[in-house]
Amino acid sequence: MALVLAGGAGSRLGRLTAGQTKAAVPFGGRYRAIDFTLSNCVNSQLRRIAVLTQYKSQSLIRHVHSGWGFLHREIGEYIEIWPAQQRDGERWYAGTVDALYQNLDLIEAAEPKQVLVLAGDQIYSLDYSVLLEEHVAAGADVTVSCVEMPLAAAAEHNDAELCGDRRIERIGPRAVRGAASSEGLALVPMGVYVFDAAFLFERLPEWHRRATLLDIGRDLVPASTSDARVFAHLFRSEDLPGYWRDVGTIDRYWSAHMELVDDSPPSVLDDRDWPVFTHHSALAPAQIRAGARVEATVVSPGCTIAGSVRRSVLSSGCKVGRGALVSDSVLLPGAQVGDGCVLDRVVVDTNCRVAPCLSLGACFGPEQGHYVSPHGVMLVTSSSQPSPPRVVRKIA
């Protein structure tokens, strides 16, 4: 069975997660982050799925119920929402190890041979059946899916060091390796784990007794490399590192969206053999008004564009007013940009309205009262401080 960890607060995404868990954050115009993990499960023929929720989970629960009700329990298929079972006290999940432990009786009742533990907030396409086959063939206790990343990009992640047979010797922060430490590739764990069920059932109570705050990826799996058979699965596609994006910060979230409008975008949204399922609202086709200009942009259903948009992602139901210029930006569902606005490197939150004639973006100065990321991406939400109107130049 598959367990999807979807209870994280996602504090590094700022006000994008003020009212919802990170797994429910929109991505790619018409999807939620969790859709990619759930689609990987269904496409891999894994149809027994539990979603472990906690932080501000109502929008996630509503989305799963609306978009993922096509599995058939009468033949053993299901997606269930599992809140904290409070098996050892009236408290919520204290960490990912605690999340598994609190549901241990439910996991055991399903009688799985292997347990797949997944993050619900990452963007990638992976056939878990290949991962499971490698796990069984190696006689592994734990298999960790890893992806190769340039060392500079992998600086925020742990990396794995392997023996010749793919057995993992160490998982942890990357050691500095001299002057060439920013060159080459690191092997980064993706937050995708296969546990032999008997091993998990034996170790989980022991680990839980040590501390409820323990984390699967940070604590349990790295410590198991010393006395258990922990192997790596190398995630590759056509002899290249597989596409995997952790969108846990505003900069990474924005950057992953900008890749979608490149000349050669990743195929994660456009693979007919590996579709991404979601809940689709009944929206009219997008409308491009007379005089509008659209260039290198993802335009979702229900959008209305009367201004100019370039290198941006417009989610479902967005509106861009007449004379507005939106560039290198991400508009989340229902966002509205008023007439005459200029947006540059901005993420506009769901249902947020940008008043007419505003210039938004770090390039216009920091006095606007909105959060600006370390790499200069501005986040505009309904709860941000209001910005004073500024008249901008006319758009030809």
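Everything here concerns the structure above.
Treat the numbers as computed from the prediction; the structure is a model and nothing was measured. (Residues numbered from 1 in each chain as written. Predicted model: local features only at pLDDT ≥ 70, side-chain atom pairs only at ≥ 80, totals over all residues. Heavy atoms only, no water.)

Peer 1: Explain the overall build of the protein to me, using residue names and the numbers behind them.
Peer 2: What the protein contains, in helices and strands, is eight helices and 31 strands. Counting only C-alpha atoms, the protein reaches 65 × 55 × 40 Å along its principal axes. Sequence-distant contacts, at least 24 apart, represent 59% of the contacts inside the protein between residues at least 6 apart. (Helix = DSSP H or I, 4+ residues; strand = E, 2+ residues; numbered from the N terminus. Contact = heavy atoms within 4.5 Å.)

Peer 1: Go over the pairing of strand β11 (residues 185-196), please, and point to the residues and values.
Peer 2: Summarising burial for β11: ten of the twelve residues are buried, a large majority. Relative to β11, strand β6 (residues 114-119) runs antiparallel, the two sharing five bridges. Residue pairing in the sheet places V117 in a bridge with Y193 of β11. Examined bridge by bridge, strand β8 (residues 142-150) and β11 share eight bridges and lie antiparallel to one another. Considered in β11, the bridge of M149 is made with A186. (Buried < 20%, exposed > 50% of the residue type's maximum accessible area, 1.4 Å probe, protein only. Pairing = 2+ DSSP bridges.)

Peer 1: Give me the lowdown on the sheet that holds β11, citing residues and values where you can.
Peer 2: Taken in spatial order, the seven strands of this open sheet run β5-β4-β1-β6-β11-β8-β12, and their pairing is mixed. A strand with exactly one partner marks an edge of an open sheet, and here the two such strands are β5 (78-82) and β12 (230-234). Direction aside, neighbouring strands of the sheet carry axes that sit 30 degrees apart on average. Here strand β1 (residues 2-5) runs beside strand β4 (residues 48-52); their pairing, made up of four bridges, is parallel. Within β4, the position partnered with A2 by the bridge is I49. Against the sheet, helix α1 (residues 33-43) engages β1, β4, β5 and β6, with an angle of about 160 degrees to β4. Across the sheet, helix α5 (residues 128-138) lies against β6, β8, β11 and β12, angled at about 75 degrees from β11, the strand it touches most. (Axes fitted to C-alpha atoms, helices over the stretch in contact; angles between N-to-C directions.)

Peer 1: Tell me about helix α6 (residues 197-210), and please be specific about residues and values.
Peer 2: Given a rise of 1.5 Å per residue, 14 residues ought to cover 20 Å, and the 20 Å separating the end C-alpha atoms of α6 matches this to within 8%. The axis of α6 is deflected most strongly, by about 30 degrees, at R203, and proline P205 appears within four residues downstream. In this structure, the buried side of α6 is in contact with α3 (96-102), α4 (104-109), β6, β8, β11 and α7 (216-224). (Expected span 1.5 Å × (residues − 1). Bend = angle between axes of the 7 residues up to and from the residue.)

Peer 1: Can you tell me about the pattern of salt bridges, naming the residues and giving the values?
Peer 2: Per the stated rule, a full pass over the model turns up 13 salt bridges. K22 is the partner of D121 in a salt bridge, and the nearest nitrogen-oxygen pair spans 3.1 Å. Of this pair, D121 sits in the loop between β6 and β7 (122-124) while K22 sits in the loop between β1 and β2 (26-27); the two residues are 99 residues apart in sequence, bridging distant segments of the chain. A salt bridge links R252 to D246, with the shortest nitrogen-to-oxygen separation between them at 3.6 Å. Residue R252 is classed as buried on the basis of its relative accessible area of 19%. With a relative accessible area of 16%, D246 lands in the buried category. Connected through salt bridges with shared partners, the residues D159, E161 and R170 form a single ionic network. (Salt bridge = Lys/Arg side-chain N within 4 Å of Asp/Glu carboxyl O.)

Peer 1: Mind laying out the packing of aromatic side chains, listing which residues take part and the relevant values?
Peer 2: Aromatic rings considered in pairs are described by the distance between their centres and by the relative angle of their planes. By the definition in use, this model includes eight aromatic pairs. Aromatic pair F27 and Y253: ring centres 6.4 Å apart, planes at 70 degrees, arrangement edge-to-face. One end of the pair, F27, is in strand β2; the other, Y253, is in helix α8 (residues 250-259), and 226 residues separate them in sequence. The same class applies to F27 and to Y253, which are both buried. Look at W68 and F70: their rings are 5.5 Å apart centre to centre, the planes differ by 35 degrees, and that puts the pair in the tilted class. (Phe/Tyr/Trp six-rings, centres within 6.5 Å; stacked < 30°, edge-to-face > 60°.)

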